[in-house]
Amino acid sequence: AGLAGMRYRGYRASHLGSIGYAYVKLTSLGVLLAFVALLIDTYNNCQAGTVDNQCFYGDLPITGDYYTNANIFFGLWCFGVVWFAFVFFYADDLPNWFRQPCPLLQAEYVCVWQPESDPENLSTSPTWPVRLARALAARFDKGERGSSQTLPVLFTSPCKLERTSMRYIIINCRRYFVQGDKLELPLLDRGEVTFGSMTASTYSRDGAPPPGRLTGLSEDEAELRMLKAGANAIPYDVDPAAKLLYDEFVTLVFFYQCMFYAWWFWDAYLITAAVEFSIVLGAAALAIVIKASNQRTIKTLAEMHVEATVVRDGSERRIDAAGIVPGDTLLVESAWTAPCDMVLLRGTAVANESGLTGESMPVAKAARRLDWTDGTVYRPEAHAKQTLFAGTTILQASPDAVAVCTRTGIQTSKGELISLILKPPKMTFKYDEEFVVIFALLSVYSAILFVASMGIQIYNGTTSYWVVRTAYGFFTVSQVLSPLLPVSLQVGQTMSARRLIKQGVFCVNPKRIAICGKVRVACFDKTGTITKEGLDFVGVEVVGTGKAGGDAPVVPFDPNARALGKTFLRGLASCHALTKYGAQLVGNEVEVRMFEGCGWTLEELQGGNIRVQNSSTTDTKEDRRGDALEVVRRFEFDHARMSMSVVVRDAGGEAYSFVKGAPEAIARMCTRDENGTVSRMLAKARAAAQDGCYVLAMGFKELGNAFDDELAAMSRDASEEALSILGLVLFRNELKADSRSAMLQLKAGDVRPVMITGDNAENGLYVSRESAMIGPNAAIVIGDLGPNGGVQWRLMNPKNKGDAAAGHQTMTPFEVDASNSPMHDLDGAAESRTGDDASRHPNLPPAFKLPCTTDDLIKAVVATTGSGGFTQVAPERRPSREWLREDGDGGEGAVDNCLPMERLKVEFALTGRAYEYMEDHEREQLGSIYTGLRIFARTSPIAKQRIIRRFMAMGLVVTMCGDGGNDCGALRTAHAGIALSEAEASVVSPFTSRTKSIQSVVDLLREGRCALATSFACFKFIILYGQLFSIVKMVILYYAVTPPAMDYLTVDVLVIITMSYAMTLSHPQAALRPERPTSSLLGPQSLASTVGVFAIYVCMISAAIATMAAEPGYIKFPYHCGDGNQWWTMGDNWESTVIFMCFIMMLAHSAYVYTFGGAYREPIYSNYLITALYVAIELMFTVVLLAEPSEFTDVWHIASRNFNANGTSSNSWQNYQRAYRGDPEVLAEFPDCEGGPPTEDYNMTASLRWRIWTLIVTSFVLTILWEKLVIAGPVRKRLRQRFPKKSVALRV
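The structure contained in this document is the topic of the report that follows. (Residues numbered from 1 in each chain as written. Predicted model: local features only at pLDDT ≥ 70, side-chain atom pairs only at ≥ 80, totals over all residues. Heavy atoms only, no water.)

1. Examining the overall build of the protein chain
Of the regular secondary structure elements, the protein chain holds 40 helices and 43 strands. In the protein chain, which comprises 1292 residues, the share counted as buried stands at 57%. In the protein chain, once contacts between residues fewer than 6 apart in sequence are set aside, the share between residues at least 24 apart is 74%. (Helix = DSSP H or I, 4+ residues; strand = E, 2+ residues; numbered from the N terminus. Buried < 20%, exposed > 50% of the residue type's maximum accessible area, 1.4 Å probe, protein only. Contact = heavy atoms within 4.5 Å.)

In structure tokens, the structure reads:
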């Protein structure tokens, strides 16, 4: 968005340059018109009517004869190729070549070059051809990646504060102003904006009571800011028709297609070329329609029709949202769509942000305390509680709510969402690089074929004109380098995207779907993702200051219980961040349930404070009836502190501080452990968490009869220190109905699920057991910071030894024997324990002597498994990449090389602070154990991103699933982030699931594997088509025959187009299998599949030709007796019948077999269209080949008919017989025609045709055996066992 790395140059128009550029346009148009005129000349008055009379030639009224027409075409084609290649390659720079360079201050246009970051490359271990290609590219690479665009210079209108017009250009919807010889972004505020400066610019304290009089910007300042920042709108519009056409057709792909179709159109191939080219145009038209539709959808998303009340020059006025500028003061309204990003300076609001982040619950917003001297720099990411984001719905706002606009237009959070949709982050998948290599290899192969085809024709002494011989060569090249190749790798993803929409999963970047086919690690948030969004308030555990016997559980919760002290009840009723939207409580679900359980009422007071009051009439303690508190200060939840707090005052004037948060965080805020209160609280918290409870601790301290000014000035540190423990607040965190099923499906699919949660490890353990993320009998070892620094590993045991095998237990009430419980010091670290802990769990190996250090843990793993640890790296060695597979992005059905790990029935967890410590101080040890970690607990949003990045750095493809709240960064970071959100598009991730179920992850991975397998099947089919066609072309050139036009039309339209489409309709398997599809076009599986089938078909075609040649009645086609320029007359022969019947039916075989279901797709019979097409094609051509001669078989010129009979209608065979009789006219025109007598047995016998058909059927059987036994069967498995691939060792 800034100027870093940007380069620019100014240009102005000149009359001479305008003439030159007009000449370029006219020349381009002239070439096209000349080609059209040449086609009219070629086909003028041509005959058309039957399959053998497809308008092959006309009367040439312009050029006069065929040879002149051919020479002109060849010259025009060569010039057109060079000319349009030049135009396409330099389309962006071409206009500037006809303009005059000048300083920016004089420029009418500015050419801007912007750097682009390299796309993320998912191929960590490329094949050797790719490595070679990278090395070659590096030698010619300039070291810079970027794009340029030429933009017109615009002018602002003069205004009162800026008398002169300012020159600017718009780059990515932002205005950049010309300042001297530089481009600069407008500076609307000097330096960074602080809360104090915003308050000072919004309120005037002159003679007005606190907080002062609203002033806002002046009209003049607002006008100047409008000129600099532009209207508050996202300037996105649907492209005009001309632009849509230009973008679709002025491309290298279309240029490549036209380059070859030009030959097809000219060389008597008009009908077939027209059919195929109409398909190309139809696909392009469909792409334009879809693009325009998508643009209209994006435009609707970008538009905002809302009004706002702004304060300018001290008075309120109602304006359209487009007139808002940064710095404007706005009055926040209820039931209102936020028109811009703004910071709340006064009052409160409740916002629905589901369309932006996926957070389904309304979010409470509250202003900071007004302070003209507040030097805190405002940052949206750090002050989200004070920020109202553009496009979100303000459900409710307090009457005094005032906000200041900080960002408008494309710079808002809504603008970021639009930008992500328009320009998604780029990723380079393994096959992307390999496709370039394959295209280069095919180009070389095509050049060799072109030369070979010319040589064969010359060797045969063909009578074709040299331009026609050249056409034959280009026909061969056009089949090998099929224009369908690039499309074939995208079709599977497109169809999967459509199916995912029906399942409630939306994707803004369909290419990511294929990446999901290689996912090996699936990371999950816990609360609201694996578990339900709502939490049930179970009760509290009162932890008194006396002995353990005085502790009192209140489960289930009863606000009138005598064991519940007045102070604890006050804390439950006031220590939250709730507000009200009408009669509805708004805020964190945990706090809503807690407050509702208290039976108190909440009232919003004038000035922004809230008042809570006990409305119970049945409380047995009179001092609690009617009790009321006013919340004077509120400190929002802080991830770093893991706590929130309030300062309250009761009716008697006494003030208190209540603090609620993670038990270990509250423990650190207590200055002493009186009578073991803190230790008992921590032990009870762990026990409750292991029973599946979401646990918070609460503490308090008395502040006495402090003045309001003292409370207002109290810092957060002062509020949250020297606390006394009140007890624990307990919530039940239940699984979603399908979480366990989804987790089992992932593990069955060889995907390792990992939990990354902000909750404590004990609750994470419970949820992971219940959801089947870990086994019920696994021992759990957790790492946390020890009392003396460093990470210490200890055993997490269930509360009761007898319940270890069960994996969970019921604890109601939550009783804990503190004398037998693991103890934490005030920092939350585990105390030293004896080696007897190792015997507490039957599955903990003897080598594990807990507690221990990380180095000792790694040694225990090595001693137990006999391997190099989780990543096959011995602790005494430096980590290397030897544990990576050759196929570093997942491999073809990965097989771990660390099988002894499966015998280690131990799972590992790590706390967030221990993770941060290891990242900073024990990176090598962390790398050695990383893939063995199952639970990451108490992690901050930043730590979640770091955890994901480390998995990715190991060459693993990672998905992350969360609810879009505090895991937004992790969702963006992962290869395939999926947000559980109501929105169809989310700013936080490429995928959104409206079902809000982690089953969507399973569905996404199923579709990803299906999309990858389908795309590769289509790619192999198109490659096989080109390679087989090249052999067929060489054979027919050798025999100097040309199959009839209907053969080509059948292959190119009926088989290739229809079956390619039908292949994409296969659905994914209902369940994930342990294998993943290959992602390598050059890998052994892809190459063996293509080359093996190709070899089978070449052998069968060779056998068919040999069988034909051995037949007694066979006569080699007399190509010397026909006009080689009239190719449509050279299909009446045995060679064409044998070659093309084999070719057509074998192509259908390959399409059908490549669509077989296997591990990733449903069985082939469930794809009704391809099954119907295959059966229809095979039956039809079986009849065509085996039936007796008829009008139907004559459509394809099947040699069951005798073409050398007396009175034959075939031109070449007529000349053959006339030359035998010594006809001087024929001998003069075809001097090399040796001639021969007519025969009665030239037609192919039924026996021969049955043998040919048997070979075709045999090829089908061999293809199935090759794919089922070798490519995806026992041979492949045997080879993989013999030559295993290296990989990151993962236990699912």
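Back to the text.
2. Quick look at the sheet that holds strand E26 (residues 552–554)
Strand order in the open sheet formed by 9 strands is E26-E25-E35-E34-E33-E32-E31-E30-E29, with antiparallel pairing between adjacent strands. Lying at the two open borders of the sheet, with one neighbouring strand each, are E26 and strand E29 (600–604). Recorded for the sheet is a direction-independent mean angle of 25° between the axes of neighbouring strands. In the sheet, strand E25 (residues 536–542) pairs with strand E35 (residues 724–732) via 6 bridges, with the strands oriented antiparallel. Along E35, the bridge assignment pairs Asp536 with Arg732. (Pairing = 2+ DSSP bridges. Axes fitted to C-alpha atoms, helices over the stretch in contact; angles between N-to-C directions.)

3. A closer look at the side chain of Thr470
Along the chain, Thr470 turns up in helix H13 (residues 466–480). Relative accessible area serves as the criterion here: at 6%, Thr470 is assigned to the buried category. In this structure Thr470 touches Phe74, Trp263, Phe450 and Met454, once residues within four positions along its chain are discounted.

4. Some points on the state of the cysteines
In total, this model carries 1 disulfide according to the counting rule given. Here Cys1121 pairs with Cys1233 through a disulfide, and the sulfurs are 1.8 Å apart. Handedness here is read from the sign of the S-S torsion; for Cys1121 and Cys1233, about 85°, the answer is right-handed. Note that Cys1121 is positioned in the loop between helix H33 (1084–1109) and helix H34 (1134–1154) and Cys1233 in the loop between helix H38 (1224–1229) and helix H39 (1246–1271), a separation of 112 residues in sequence. Among the residues examined, Cys1121 registers a relative accessible area of 2% and is labelled buried. Here Cys405 stays free of any disulfide, with the sulfur of Cys340 as its closest cysteine sulfur at 3.5 Å. We classify Cys405 as buried; its relative accessible area is 3%. (Disulfide = S-S within 2.5 Å.)

5. Description of empty space enclosed by the protein
The final tally for this structure, using the stated rule, is 5 cavities of 30 Å³ or more. Of the pockets and cavities examined, the largest cavity occupies roughly 240 Å³. For the largest cavity, the lining is made up of 20 residues, of which Tyr472, Lys1033, Leu1037, Val1041 and Thr1042 are closest to its centre. Put simply, the parts of the chain that give the lining of the largest cavity at least two residues each are H13 and helix H31 (999–1038). (1 Å grid on protein atoms, 1.4 Å probe; cavity = no way out; pocket = protein on both sides within 12 Å on 5 of 7 lines; lining within 4 Å. Points joined across faces, edges and corners; volume = space filled by probe spheres on them.)

6. Description of the sheet that holds strand E24 (residues 521–524)
As summarised here, the arrangement of the 10 strands in space is E23-E43-E42-E41-E24-E36-E40-E39-E37-E38, forming an open sheet in which the pairing is mixed. Whereas interior strands pair on both sides, the edge strands pair on one side only; in this sheet they are strand E23 (505–507) and strand E38 (791–796). Neighbour-to-neighbour, the strand axes of this sheet turn through a mean angle of 20°, independent of strand direction. Here strand E39 (residues 906–911) runs beside strand E40 (residues 933–937); their pairing, made up of 4 bridges, is parallel. Residue pairing in the sheet places Phe908 in a bridge with Leu933 of E40.

In short, the description is geometric, and any link to function would need to be established separately.
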